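Coordinates in review
The primary structure of each chain is shown beneath.
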Amino acid sequence: MKHIVRKVLEILGKHRTKEVHVLIDIDGVLDFKDLLVDDEVRTIHNLSGQWTIRKEVLDWLEQLSKEQKVKFHWFSTWGNESNIINSYLGISDFDVIEISKVKPVESKVEALGKLIHSLHEKTIIVIDDLFASGYFEWYIARVHDETKTMFNEWENIRRSSVDNLVEVHFIAPDKRVGLVREEMEFVNDLVESVKFEKE
């Protein structure tokens, strides 16, 4: 019976708009400290300091935000303040996924699970240095209870993505250099493949 239901959903899915949800962090992704001599950057002032972001990354963000089938979500402890970047670029505000400053890892994994559970036949791209394997594995292995909770959350994510036909891709930039051209091109290619698949 489940196979039949899924087949019906696949048929219906051909008549709905395929969306790509991009969850993007700021620190270690857009803003970073190890600038190279030839980096052309922009400084954007926030309420407690400033972000230094490569011009090519800001241009990419602005351009991709205009894609009809792409929906951006700020995935940062900066919360609503993240949309200062949008104001700087002159683009519409992104949705903000509230992330705890106290427990950012647990908060992000839980929020991702909820988003996947709420979607059907979508693609999610998570751009966050937090998911770089070394740091992430170290964090969740610190305490047994946290590891167990994380395992359960990841299992929920896996199950929901299969049940809801949601593809999830992770991009974990090196926080020392932030998002680079190859990673931006990877996102662009994913977006193009989704558009081509459904058009």
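Quick notes on the rules
- Residues numbered from 1 in each chain as written.
- Predicted model: local features only at pLDDT ≥ 70, side-chain atom pairs only at ≥ 80, totals over all residues.
- Heavy atoms only, no water.
- Buried < 20%, exposed > 50% of the residue type's maximum accessible area, 1.4 Å probe, protein only.
- Helix = DSSP H or I, 4+ residues; strand = E, 2+ residues; numbered from the N terminus.
- Arc of directions from axis to C-beta.
- Pairing = 2+ DSSP bridges.
- Contact = heavy atoms within 4.5 Å.
- Salt bridge = Lys/Arg side-chain N within 4 Å of Asp/Glu carboxyl O.
- pLDDT = per-residue confidence, 0-100.
- Core = buried A, V, L, I, M, F, W, Y, C linked by side-chain atoms within 4.5 Å.

It is worth spelling out helix α2 (residues 55-65) at this point. Residues of α2 that are buried include every one of Val57, Leu58, Trp60, Leu61 and Leu64, and no others. Around the axis of α2, the buried residues are gathered within 160° of arc, so they sit on the same side.

On to the pairing of strand β3 (residues 49-54). With six bridges joining them, strand β2 (residues 41-46) and β3 adopt antiparallel strand pairing. By the bridge assignment for β3, Ile44 is matched with Trp51. Connecting the antiparallel pair β2 and β3 is a turn made up of two residues.

Quick look at the environment of Trp78 now. Along the polypeptide, Trp78 turns up in the loop between β4 (70-74) and α3 (84-89). By relative accessible area, Trp78 is classed as partly exposed at 21%. C-alpha separation for the pair Trp78 and Lys101, spaced 23 residues apart in sequence, amounts to 8.6 Å. Each residue touching Trp78, except ones within four places of it in the same chain, is listed here: Ile26, Asp27, Asn46, Ser48 and Trp51.

This next bit is on the pattern of salt bridges. Using the criterion set out here, one finds nine salt bridges in the structure. The salt bridge involving Glu110 is made with Lys114; its shortest N-O contact spans 3.4 Å. You can see Glu110 and its partner Lys114 sitting in helix α4 (residues 104-118), four residues apart, about one turn around the helix. The class of Glu110 is partly exposed, set by a relative accessible area of 36%. According to the relative accessible area criterion, Lys114 is exposed, its value standing at 55%. Several salt bridges converge on common partners, so that one network encompasses Asp25, Lys108 and Asp128.

What follows covers the sheet that holds β4. Pairing in this open sheet of five strands is parallel, and the strands run β5-β4-β1-β6-β7 from one edge to the other. The sheet is open, and its two edges are formed by β5 (95-96) and β7 (167-171), each paired on a single side. As paired strands, strand β1 (residues 20-24) and strand β6 (residues 123-127) are joined by five bridges and run parallel to one another. Within β6, the position partnered with Ile24 by the bridge is Ile127.

Here Ile125 is to be found in strand β6. Ile125 sits 103 residues away from Val22 along the chain, and the two C-alpha atoms are 4.8 Å apart. Excluding residues within four positions of it along the chain, Ile125 makes contact with Val20, His21, Val22, Leu23, His169, Ile171, Val187 and Leu190.

Of the residues in the protein chain, 78% reach a pLDDT of 70 or more, and the chain-wide mean stands at 82. Put simply, helix α1 (residues 2-13) is where the protein chain has its lowest mean pLDDT, 43, and α3 is where it has its highest, 98. Here residues 1-16 scores under 50 on pLDDT; set against residues more than four positions off or in separate chains, the count is 13 contacts.

Generally speaking, nonpolar side chains in soluble globular proteins are found buried as a group. Of all hydrophobic cores here, the largest spans 30 residues; its most connected members are Ile24, Leu30, Trp60, Leu61, Ile85 and Ile127. Contributions of two or more residues to this core are made by β1, β3, α2, β4, α3, β6 and α7 (181-198). Ranked by size, the runner-up nonpolar core spans 17 residues in total, among them Val109, Leu119, Phe131 and Val166.

Moving on, we come to the environment of Leu23. In this fold, Leu23 is placed in strand β1. A relative accessible area of 0% means that Leu23 is categorised as buried. For the pair Leu23 and Asp128, spaced 105 residues apart in sequence, the C-alpha to C-alpha distance is 8.0 Å.

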